[in-house]
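Here is what each chain is made of, one letter per residue.
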Amino acid sequence: MAASPHSPNSTFRRLRGQHSPAEFAALVRRAAKEIGETVSCDARYIGRVESGEIRCPNYAYERVFLHMFPGRTLADLGFSPRESVRGRSGRRAPLSLPLHRSPSSAKESDVLRRAFMAGGSATVAAATLSLTLLGDTRRLPSRAGESEAAAVEDAVRQIRLLDDRHGADALYRRAAEPLRTAYALLDAGATRQSTEDRLHSGAGELAVSVGWLAHDSGRFDDARSHYAEALATARVARDAGLEAHAFSNMAFLARDCGRSREAVRAAQAGLRAARSLGSPRLLSLLALREAGGWAGLADRKACKEALTRAHTEFSRGESDADPEWMSFFGQAELESLEARCWSALGEHARAARHARRAADLQDPHFARNVALYTAELAGDLARAGAPDEAAWAGGRVLDLLAEVQSTRVRSMLAETAETLIPHQRSPRVAAFLTRRVTV
């Protein structure tokens, strides 16, 4: 049975067995390393779990615990369902319909929720997200309740999970439908202020997620528009967490568009928004975004200073204040973002070392990121004068493209191929160049 907020997690305590909390924490860290995850588990964290203070772990710890105890669910480990736990990390209060709603209105909410939550393969999910219901405001309730807010939040999680596994290209246009619905719900108003706050946060996070799908699939103007919409929503709702998220993605987009000074300014604005949130990992990511902008401006000193801040904040470890959307940000992503900085500064061999670590550390669950980091490695190796190794890495990316659809990854491979053309007498390089054309 899941632990209640007032009772110890006796199930988890039994699973610890004869190990001390410190010994068990070491086992957790070792298991995390086995799957390329990063957690800063210690005896204090184990104590918080067993006391019931942590009713549901964040996504990084969830993956580690399920790896340690295969075949079990979080409930089997004594945790509460994620949706029943309130908190900044995406843990919400139990869902309930408003007391005075007609049966037809409740039925429509259930249909809407199922449409938002439908999963499966990327193709099936994309088709489901495009249901006419999601773009038909006539089917929406006159006032949004808890179930509608939950549906928007679930849409955000669903899109992120599908993007992690399959990339953005197959999802972007379909994901725009639930985004329109989310803002229609927000415009309709909510039954209570707490629900309206959830809708603002959920709609803004959905705008960021859809913006990212546009970004990753090369639709930069669309991405910019969605990020701006998320930022406006954050400002209206006075949501510092959403504001920091929007600025983080805006800095990333500006860097990819070659607007390096804008990248620096957006990252610095995100840092100002994030100061009060208590998440060192968020500050670390924003410092890395700033470093990327300085690298684009060829300001080595400012870039190194920002990288130092990023590493310092990252070393402080995880926090309960870490936003749910940052589940992707571990040691692998830090290595990747640092690799991009050194590559922009022209130090390709140094960049390749970081890109290789990123690819090696990444959890295979994040297939798109594995492909991305390996594509970065291929490009850095090619520019560092290691064509055969670059072709080998490029071949690994081509293997992954069977399940990952990302215009950004394909564009990176195209640049690598162009760099390798002078080396096509090498059999390995020639094989990669030929295969890339056919995949």
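Chemist: Is there a simple way to think about the confidence of the model for the protein chain in this case?
Modeler: A low pLDDT score tells you not to read the predicted coordinates there in detail. Residues with a pLDDT of 70 or more make up 83% of the protein chain, whose mean pLDDT is 82. Segment residues 86–138: pLDDT under 50, and 107 contacts once partners within four positions in sequence are set aside and those in other chains are kept.

Chemist: How should I be thinking about the packing of helix H14 (residues 280–296) against helix H15 (residues 300–315) in this particular structure?
Modeler: Packed helix pairs are specified by the crossing angle of their axes together with the interaxial distance, meaning the distance between the axes. At a minimum axis distance of 8 Å, the contact between H14 and H15 shows a crossing angle of 165°. Classified by the angle their axes make, H14 and H15 are roughly antiparallel. Crossing of H14 against H15: the hand is left-handed. From H14, Pro280, Arg281, Leu283, Ser284, Ala287, Leu288, Glu290, Ala291, Trp294 and Ala295 reach across to H15, where they touch Ala302, Cys303, Ala306, Leu307, Arg309, Ala310, Glu313 and Phe314. Across the contact of H14 with H15, the residue classes break down as 13 nonpolar, one polar and four charged.

Chemist: Whenever I open this one, helix H10 (residues 193–216) confuses me. Can you help?
Modeler: Structurally, the α-helix is built with 3.6 residues per turn, so residues lying three or four positions apart point the same way. With 24 residues, H10 extends 34 Å between its outermost C-alpha atoms, agreeing within 8% with the 34 Å of an ideal straight helix rising 1.5 Å per residue. The element H10 is extensively covered by neighbouring structure, given that 20 of its 24 residues are classed as buried.

Chemist: Before we go on, may I ask you to explain the environment of Thr73 in this structure?
Modeler: Relative to the helices and strands, Thr73 resides in the loop between helix H4 (59–68) and helix H5 (103–117). For Thr73, a relative accessible area of 42% translates into the label partly exposed. Sequence separation between Thr73 and Glu62 is eleven residues; the distance between their C-alpha atoms is 9.3 Å.

Chemist: Looking at this model, I keep getting lost on H4. Mind explaining?
Modeler: Restricting attention to buried positions, one finds in H4 the residues Ala60, Tyr61, Glu62, Arg63, Val64 and Phe65. The inward-facing, buried residues of H4 abut helix H1 (10–16), helix H2 (21–34) and helix H3 (43–51). Between a side-chain oxygen at the N-terminus of H4 and the backbone nitrogen of Tyr61 the separation is 3.0 Å; the capping residue is Asn58.

Chemist: In this structure, what is going on with the environment of Ser51? I would like to understand it.
Modeler: Position of Ser51 among the secondary structure elements: in helix H3. What makes Ser51 partly exposed here is its relative accessible area of 40%. Sequence separation between Ser51 and Arg13 is 38 residues, and the spatial gap between their C-alpha atoms is 9.1 Å. Setting aside residues no more than four positions away along its own chain, Ser51 makes contact with Ser7, Pro8 and Asn9. Separated by 3.0 Å, the side chain of Ser51 and the backbone oxygen of Arg48 make a polar contact.

Chemist: What is the right way to look at the environment of Leu271 in this model?
Modeler: When you line up the elements, Leu271 lands in helix H13 (residues 260–274). When the C-alpha positions of Leu271 and Ser284 are compared, they lie 9.2 Å apart, and in sequence the two are 13 residues distant.

Chemist: Before we go on, may I ask you to explain the pattern of salt bridges in this structure?
Modeler: When their charged atoms lie close together, side chains carrying opposite charge are able to pair. With the rule as written, the count across this model stands at 18 salt bridges. For Asp216, the salt bridge is made with Arg408, and the minimal N-O distance between the two is 3.0 Å. With Asp216 in helix H10 and Arg408 in helix H20 (residues 407–420), the pair connects residues that are 192 residues apart, well separated along the chain. Comparing Asp216 with Arg408 shows no difference in burial state: the two are buried. Sharing partners across several salt bridges, the network here consists of Arg48, Glu53 and Asp320.

Chemist: Teacher, can you tell me more about unusual backbone geometry here?
Modeler: One can expect most non-glycine residues to show negative phi and most peptide bonds to be in trans. Despite not being glycine, Arg238 has its phi angle at roughly 55°, a positive value. Looking at the element boundaries, Arg238 is found in the loop between helix H11 (220–237) and helix H12 (240–256). The exposure class assigned to Arg238 is exposed, which follows from its relative accessible area of 80%. At Ala298, a residue that is not glycine, the phi angle is positive and equals roughly 60°. You can see Ala298 is positioned in the loop between H14 and H15.

Reading the values: rules and limits
Residues numbered from 1 in each chain as written. Predicted model: local features only at pLDDT ≥ 70, side-chain atom pairs only at ≥ 80, totals over all residues. Heavy atoms only, no water. pLDDT = per-residue confidence, 0-100. Contact = heavy atoms within 4.5 Å. Axes fitted to C-alpha atoms, helices over the stretch in contact; angles between N-to-C directions. Helix = DSSP H or I, 4+ residues; strand = E, 2+ residues; numbered from the N terminus. Parallel < 35°, antiparallel > 145°, perpendicular 65-115°, else oblique. Left-handed = near helix turned anticlockwise from the far one by under 90°. Nonpolar A, V, L, I, M, F, W, Y, C, P; charged D, E, K, R; others polar. Expected span 1.5 Å × (residues − 1). Buried < 20%, exposed > 50% of the residue type's maximum accessible area, 1.4 Å probe, protein only. Polar contact = N/O pair within 3.5 Å; in protein donor to acceptor, adjacent residues only side chain to side chain. Salt bridge = Lys/Arg side-chain N within 4 Å of Asp/Glu carboxyl O.

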